[in-house]
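Examination of the molecular architecture
Each chain, letter by letter, is given below.
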Amino acid sequence: MSLAFQSTGVIYGDIGTSPLYVFSSTFPNNINHKDDIIGVLSLIIYTILLLPMLKYVFIVLWANDNGDGGTFALYSKLCRYAKVSMIVPNQQPEDRELLNYEIDTTSKNTKHATKVKEWLEHNNIAQKFLFLITILGTSMVIGDGVLTPSMSVLSAVGGITSRVDVDVQISVVILIFLFMFQRFGTDKVGFTFAPIISIWFLFITGIGLYNLFKYDIGVLRAFYPKYIYDYFRRNGKEGWISLGGIVLCITGTEAMFADLGHFNVRAIQISFSTMVAPAILSAYMGQAAYLTKNPSQVSTTFYSSIPGGMYWPTFIVAVGAAVIASQAMISGAYAIISQSLALGCFPRVKVIHTSTKYEGQVYIPEVNYLLMVASIIITIAFKTTTQIGNAYGIAVVFVMVITTTMMTLIMLVVWKTSMWKIAMFIIVFGLIELLYLTSVLYKFTQGGWVPLLFSFVLMWIIMAIWHYVYRQRNKYELENKVLADTIKQLVKNPDTNRVPGIGLLYSELAHGVPPIFPHLIKNIASIHSVLILVSIKALPISRVAMQERFLFRRVDPKDYRIYRCVVRYGYKDVNKEPTQFERQLVHNLVEYIRQDRLRNDGVPDGVGEGEVVTIHNSTFFAPDTGRRGGSAVHDDESLQESGPLSVSSRPMVADNNEKLFQEAEEEAQYVENAMEKGVVYLLGETQVVAKQDSSFVKKMVVNYAYDFLRRNFRQGEEVLAIPHSRLLRIGMTYDI
């Protein structure tokens, strides 16, 4: 119940403030027939009951990715069941061993699931389509971070005066303060304003019930769906166009799913069903009852229907609620960009984690100021909520259609739902959303182009270009990775000096040695006494447990103390402070060294497949073992050949050659001593250029567009929080 109450103040600000503008957006040219009020109210009631309530609260929330929601969560969940990922290579044995990578292998309804899965895996167009709609949905949600503040604040301020220019000026001032306040973090903003949302719901419930009983309780006839049919029959095309205003009653619905990581499914189900839905339905019914007696005041429905003594208290609470509504979508935009950044779909930006309690609460300065400028421009340019509502509606419905598409695939491939249930899901929700989509697209020239233009710029000019070059760069490194013989020649060269300390050479190549390594030795002719080739690998899951984060492997020749380490992160994991990261990495490397000696040289004879071999305080599994309960260190290549290697703290005893223990301890001590002498970060400063024989379009994308983004966004050392005093950049050119 505590989580249910907390969620009320965090994720329902947007949908909770929709009564401020729905009726005025639905009837921009006044009300033609009294029964139209009942028809619109009926549409509002069933839209809320079917889409937010039934679809999201009781179906979509269960498609979470280990507790996290949103477009990326659906995509990552699907990628674990089918080889469709366009982000990172998936379905690798060591990644499937992760605790958060579990998949359901039940055999129910597998026939159609297998067919769809195989079709997706062998259809490159389908894979690209899935990826594109994922980043389109992401772009639309980020666009909500621009439109929601403008819409909510302008609607709330509209109660002060009827002068549009004054409303716009006051709204701009509030927006500036709202975005400036973001630097203090969602926790402080939420703590300051969250109680207002609960008061807001009490206010709109009370005012709605007061108006319902005072003016016309007969509007409850709207629960009879025949009034929807009568409304469309009477108004025809105009009724269809008005759907663009009615759909605003469910703005912010996607926030329930996107912000799921801060709460849980049951908390959201309880809070929406018992508080939010009754409150907003009461508000709409009260406004409808008021309009039956005062149809000429439809443009100011909300404030005109407030009883005299409650006007100013309601206005103050409305402004606070509008701030909360804005905060929810702004925070959601930050979180989604943070996920996109982790998966290589967005240029590097500075991500500040504002809460020690909630890892998902972040603040991105560059994005914050861009959202502020865009939101102010929208407010000044459009001036009224009707125009902004046209843009807002397209963003809302597009995200819903994308969620329905992804959910259909989840039901087919992951849940293996029966076909008749899937058909019902598509017919009920898909058709309703497509009907709304056609209506909002009709208003394309009246402001509807804004979110589409914003998404086009964000998705194609920024996200798509960055991700395309990101993948091409990885492909180049994979095709040019260094052979074992080349490494031996380089490190055995008498001109190659070893300097004290540990060197961390960063690369995005998860398998093999990157081409930057020989480039380093040829130009500097020296390497550290311990060299670790570090690859930061983003996985399509929300989080990777700390005990499963590091994968190690030796790079021959063994006596030269060169190791390869893959550091795995989920899209919601937080990069640790450098000193803490160094300690964790070296600690896990030492454990790997101790067990690697035993695994290669000290396994007792007669061990069968799947048997646990125990040696002192460490344990590892022989080949072809089943899933382990947890581990701290793994050999990333041995997983494919000889089963997973894991560390445990359980007491164990076994006989083995003392020489092996001594060698392992000497090597471990060597690494620890090297760390005491200092850790230096070696970061590849790669310039990516298109080959000479590339097409003109590719040259423009790689040589100019990508290069512009790379130079104007943050560099790798800033994102990884690498201390400048211990950083050495290595320049190299990649011809892709």
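Residues numbered from 1 in each chain as written. Predicted model: local features only at pLDDT ≥ 70, side-chain atom pairs only at ≥ 80, totals over all residues. Heavy atoms only, no water.

1. A closer look at the overall build of the protein chain
Keep this limit in mind: In DSSP terms, a helix is any run of H or I states spanning at least four residues, a strand is any run of E spanning at least two, and both are numbered starting from the N terminus. Summary of the burial criterion: residues with accessible area below 20% of their type's maximum are buried, those above 50% are exposed, and those between are partly exposed, where the area comes from a 1.4 Å probe applied to protein chains only. Computed with a 1.4 Å probe, the accessible areas rest on the Shrake-Rupley method; for each residue, only the protein chains presented here act as cover.
Helices and strands together make up the secondary structure of the protein chain, namely 28 helices and 11 strands. Within the span of the protein chain, comprising 736 residues, buried residues form 59% of the whole. With an accessible surface of roughly 29,700 Å², the protein chain has 59% of that area assigned to carbon and sulfur atoms.

2. Considering the packing of aromatic side chains
For clarity, the threshold we go by: Stacked, edge-to-face and tilted labels apply to pairs of Phe, Tyr and Trp rings (six-membered ring for Trp) whose centres lie within 6.5 Å, assigned for plane angles under 30 degrees, over 60, and everything in between, in that order.
In this structure the tally under the stated criterion is 21 aromatic pairs. Between Phe 382 and Trp 449 the ring centres are 6.4 Å apart and the planes differ by 40 degrees, which places this aromatic pair in the tilted class. Taken together, the residues span a long stretch of sequence, with Phe 382 in helix α18 (residues 365-382) and Trp 449 in helix α21 (residues 449-479) at a distance of 67 residues. On the accessibility criterion, Trp 449 (36% relative accessible area) is partly exposed. For the pair Phe 425 and Phe 429, a centre-to-centre distance of 5.1 Å together with 65 degrees between the ring planes defines the contact as edge-to-face.

3. Comments concerning the environment of Ser 375
Definition in use: Only heavy atoms matter for contacts: two residues are in contact if any of them lie within 4.5 Å across the pair. Identification of polar contacts relies on pairs of N or O atoms within 3.5 Å, with a donor-acceptor requirement for protein atoms, meaning one able to donate a hydrogen and the other able to accept it, and with residues adjacent in sequence counted only if both atoms are side-chain atoms.
With respect to the element layout, Ser 375 can be found in helix α18. In this structure, the C-alpha to C-alpha distance between Ser 375 and Ile 176, residues 199 residues apart in sequence, is 9.5 Å. Contacts of Ser 375, omitting those with residues within four sequence positions, involve Val 146, Pro 149, Ser 150, Leu 175 and Phe 179. Within the structure, Ser 375 has its side chain in polar contact with the backbone oxygen of Val 146 (distance 3.2 Å). Within the structure, Ser 375 has its side chain in polar contact with the side chain of Ser 150 (distance 2.9 Å).

4. A word on the confidence of the model for the protein chain
Convention followed: Here pLDDT means the predictor's own confidence in every residue, given as a number from 0 to 100.
A residue-level look at the protein chain finds 82% of positions with pLDDT of 70 or above and a mean pLDDT of 79. Confidence, read as mean pLDDT per element, is least for strand β7 (residues 612-615) in the protein chain (32) and greatest for helix α4 (residues 34-58) (95). Predicted confidence for residues 602-655 stays below pLDDT 50, and this span has 130 contacts to residues more than four positions away or in other chains.

5. What to know about unusual backbone geometry
Positive phi is not limited to glycine here, since Lys 416 has a value of about 55 degrees. Its relative accessible area of 9% is what places Lys 416 among the buried residues. A positive phi angle, near 55 degrees, is found at Arg 561, a position not held by glycine. Looking at where Arg 561 falls in the secondary structure, it is placed in the loop between β5 (550-554) and β6 (562-569).

6. As for the packing of α4 against helix α20 (residues 419-442)
Relative orientation and spacing of two packed helices are given, respectively, by the angle between their axes and the distance between those axes. Inclusion rule: For helices, the fitted line uses only the C-alpha atoms of the stretch in contact; every axis is such a line through C-alpha atoms, and the angle between N-to-C directions lies from 0 to 180 degrees. Each angle receives one of four descriptions, namely roughly parallel if under 35 degrees, roughly antiparallel if over 145, roughly perpendicular if within 65 to 115, and oblique otherwise. In this scheme the handedness of a crossing depends on how the near helix is turned from the far one: anticlockwise by less than a right angle means left-handed, clockwise means right-handed. Three classes are used: nonpolar for Ala, Val, Leu, Ile, Met, Phe, Trp, Tyr, Cys and Pro, charged for Asp, Glu, Lys and Arg, and polar for all others, with Gly counted as polar.
Two numbers describe how α4 lies on α20: the axes approach to 12 Å, and their chain directions differ by 125 degrees. When the axis of α4 is compared with that of α20, the two are oblique. Classified by chirality, the crossing of α20 by α4 is left-handed. Between α4, through Leu 43, Thr 47, Leu 50, Leu 51, Leu 54 and Lys 55, and α20, the contact on the second element is made entirely by Phe 425, Phe 429, Ile 432, Glu 433 and Tyr 436. Of the residues belonging to the contact of α4 with α20, the class tally is 8 nonpolar, 1 polar and 2 charged.

7. Some points on the pattern of salt bridges
As a reminder, the rule being used: Take a side-chain nitrogen of Lys or Arg and a carboxyl oxygen of Asp or Glu: if they are within 4 Å of each other, that pair is a salt bridge.
Counted by the stated rule, this structure contains 9 salt bridges. A salt bridge links Lys 117 to Glu 121; the nearest nitrogen and oxygen atoms lie 2.9 Å apart. Of this pair, Lys 117 and Glu 121 both sit in helix α7 (residues 110-122), 4 residues apart, which is roughly one turn of that helix. One salt bridge connects Arg 594 with Glu 665, and the closest N-O pair in it is separated by 3.0 Å. One end of the pair, Arg 594, is in helix α24 (residues 578-601); the other, Glu 665, is in helix α26 (residues 658-676), and 71 residues separate them in sequence. Using a relative accessible area of 25% as the deciding quantity, one classes Arg 594 as partly exposed. What makes Glu 665 partly exposed here is its relative accessible area of 39%. Because the salt bridges share partners, they merge into one network encompassing Lys 226, Asp 230 and Arg 233.

8. Notes on helix α5 (residues 71-81)
Of all 11 residues in α5, 11 are buried; the element is thus mostly enclosed. Regarding α5, the residues found buried are Thr 71, Phe 72, Ala 73, Leu 74, Tyr 75, Ser 76, Lys 77, Leu 78, Cys 79, Arg 80 and Tyr 81.

9. Quick word on the side chain of Thr 17
Here Thr 17 lies in the loop between α2 (13-16) and α3 (22-26). Exposure remark for Thr 17: the relative accessible area of 0% places this residue in the buried category. A distance of 2.9 Å separates the side chain of Thr 17 from the backbone oxygen of Gly 13, its partner in a polar contact. A polar side-chain atom of Thr 17 sits 3.1 Å from the main-chain carbonyl oxygen of Asp 14.

10. Examining the environment of Tyr 284
Examined against the element boundaries, Tyr 284 turns out to sit in helix α15 (residues 265-293). With relative accessibility at 0%, the residue Tyr 284 sits in the buried group. Along the backbone, Tyr 284 and Leu 20 are 264 residues apart, and their C-alpha atoms lie at a distance of 9.8 Å. Sequence-distant contacts of Tyr 284, that is, excluding residues within four places in its chain, are made with Ser 18, Pro 19, Val 22, Phe 23, Leu 41, Ile 44, Ile 48 and Cys 249.

11. As for the pairing of strand β4 (residues 526-538)
To keep things clear, this is the line we draw: When DSSP locates at least two bridges between a pair of strands, those strands are taken to pair. If the strands point away from the viewer and the path from the first strand over the helix to the second runs clockwise, then the crossover is right-handed.
Judged by how many residues are buried, β4 sits mostly within the fold: 12 of 13 residues are covered. With 9 bridges joining them, strand β3 (residues 497-507) and β4 adopt parallel strand pairing. From the neighbouring strand, Tyr 506 faces β4, where its bridge partner is Val 534. A crossover connection joins β3 to the parallel β4 through helix α23 (residues 516-524); in handedness this β-α-β unit is right-handed. As judged from the 8 bridges shared by β4 and β6, these two strands associate in the parallel manner. Within β6, the residue paired with Ile 532 across the bridge is Tyr 563.

12. Some thoughts on the environment of Ala 484
Mapping Ala 484 onto the fold places it in helix α22 (residues 484-492). Overall, the relative accessible area of 48% leaves Ala 484 in the partly exposed class. Residues Ala 484 and Gly 512, spaced 28 residues apart in sequence, show a C-alpha to C-alpha distance of 9.3 Å.

13. Digging into the pairing of β5
Burial analysis of β5 places 4 of its 5 residues in the buried class, the great majority of the element. Across 5 bridges, β5 lies against β6 in antiparallel orientation. Across the sheet, the residue bridging to Leu 551 is Val 566, located in β6.

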